[in-house]
Amino acid sequence: MEKFSVSICVYGGDNSAYFDIAMQSIFNQTLKPDEVVLVVDGPVGDDINSVIEKYQCEILKVIRLEKNVGLGIARNISLENCSHNLIALMDSDDISVPERFEKQIKCFEKDDSISL
């Protein structure tokens, strides 16, 4: 299987409960990502930081921005820091079904011209 990254961003105004479920859905995949690049877009509260600490592991790369720059710039920073050509995008409130990455990677392996 080809290696892939997950790009996700969070900021202080996000709901920590949804963020926790989103992170859980990444780490409960039938096909685990090779890395998760999380950009923390500006200061966040203890609730968001607790979720980040909960999922801290070898594959989680956390990039903290000093001030909020907005999702577009934060996402670009995340993408620039991904190590792999295949990147799954997630928002902080997205919930992925457990087979999402497995099914998507299989599609890319069958046809490498797919871009979405």
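Residues numbered from 1 in each chain as written. Predicted model: local features only at pLDDT ≥ 70, side-chain atom pairs only at ≥ 80, totals over all residues. Heavy atoms only, no water.

The next thing to look at is the nonpolar core. Residues Val6, Ile8, Phe19, Met23, Ile26 and Leu38 are the most contacted members of the largest nonpolar core, which totals 25 residues. Only strand 1 (4-11), helix 1 (16-27), strand 2 (35-41), helix 2 (46-54), strand 4 (86-90) and helix 4 (100-110) provide two or more residues apiece to this core. No other element matches the five residues that helix 1 contributes to this core. Membership of the second largest hydrophobic core comes to seven residues, among which are Cys9, Val39, Ile63 and Cys82. (Core = buried A, V, L, I, M, F, W, Y, C linked by side-chain atoms within 4.5 Å. Buried < 20%, exposed > 50% of the residue type's maximum accessible area, 1.4 Å probe, protein only. Helix = DSSP H or I, 4+ residues; strand = E, 2+ residues; numbered from the N terminus.)

Attention now moves to the pattern of salt bridges. Enumeration over the complete set of coordinates arrives at four salt bridges. We note a salt bridge from Lys54 to Asp20, for which the minimum N-O separation is 3.1 Å. Taken together, the residues Lys54 in helix 2 and Asp20 in helix 1 connect sequence positions 34 residues apart. Note that Lys106 and Glu102 form a salt bridge whose closest N and O atoms lie 3.4 Å from each other. Of this pair, Lys106 and Glu102 both sit in helix 4, separated by four residues, roughly a single helical turn. (Salt bridge = Lys/Arg side-chain N within 4 Å of Asp/Glu carboxyl O.)

The buried fraction of strand 1 amounts to seven of the eight residues, a majority that puts the element mostly inside the structure. As paired elements, strand 1 and strand 4 share five bridges and run parallel to each other. Counted as the bridge partner of Val6 is Ala88 from strand 4. Note that strand 1 and strand 2 share seven bridges and pair parallel. Pairing of Ser7 across the sheet is with Val37, part of strand 2. Where the polypeptide runs from strand 1 across helix 1 and back to strand 2, its parallel neighbour, the crossover connection is right-handed. (Pairing = 2+ DSSP bridges. Right-handed = clockwise from strand over helix to strand, strands pointing away.)

Among all positions in helix 2, only Ile48, Asn49, Val51 and Ile52 are buried. End-on, the buried residues of helix 2 take up no more than an arc of 155 degrees, which puts them together on one face. Away from its buried face by more than 90 degrees, helix 2 exposes Asp46, Glu53 and Lys54. (Arc of directions from axis to C-beta.)

In this description, an aromatic ring pair is defined by two values, namely the gap between the centres and the angle between the planes. What the rule picks out here adds up to two aromatic pairs. With centroids separated by 5.3 Å and ring planes inclined at 65 degrees, the aromatic side chains of Phe4 and Phe101 adopt a geometry described as edge-to-face. Here Phe4 is found in strand 1, whereas its partner Phe101 is found in helix 4, with 97 residues between them in sequence. Of the two residues examined, Phe4 and Phe101, each falls in the buried class. Where Phe27 meets Tyr55, the ring centres are 5.5 Å apart and the plane angle is 15 degrees; that geometry is what we call stacked. Here Tyr55 lies in the loop between helix 2 and strand 3 (60-65) and Phe27 lies in helix 1, a separation of 28 residues in the sequence. For the residue pair Phe27 and Tyr55, the accessibility class agrees, reading buried in each case. (Phe/Tyr/Trp six-rings, centres within 6.5 Å; stacked < 30°, edge-to-face > 60°.)

These figures capture arrangement, not role.
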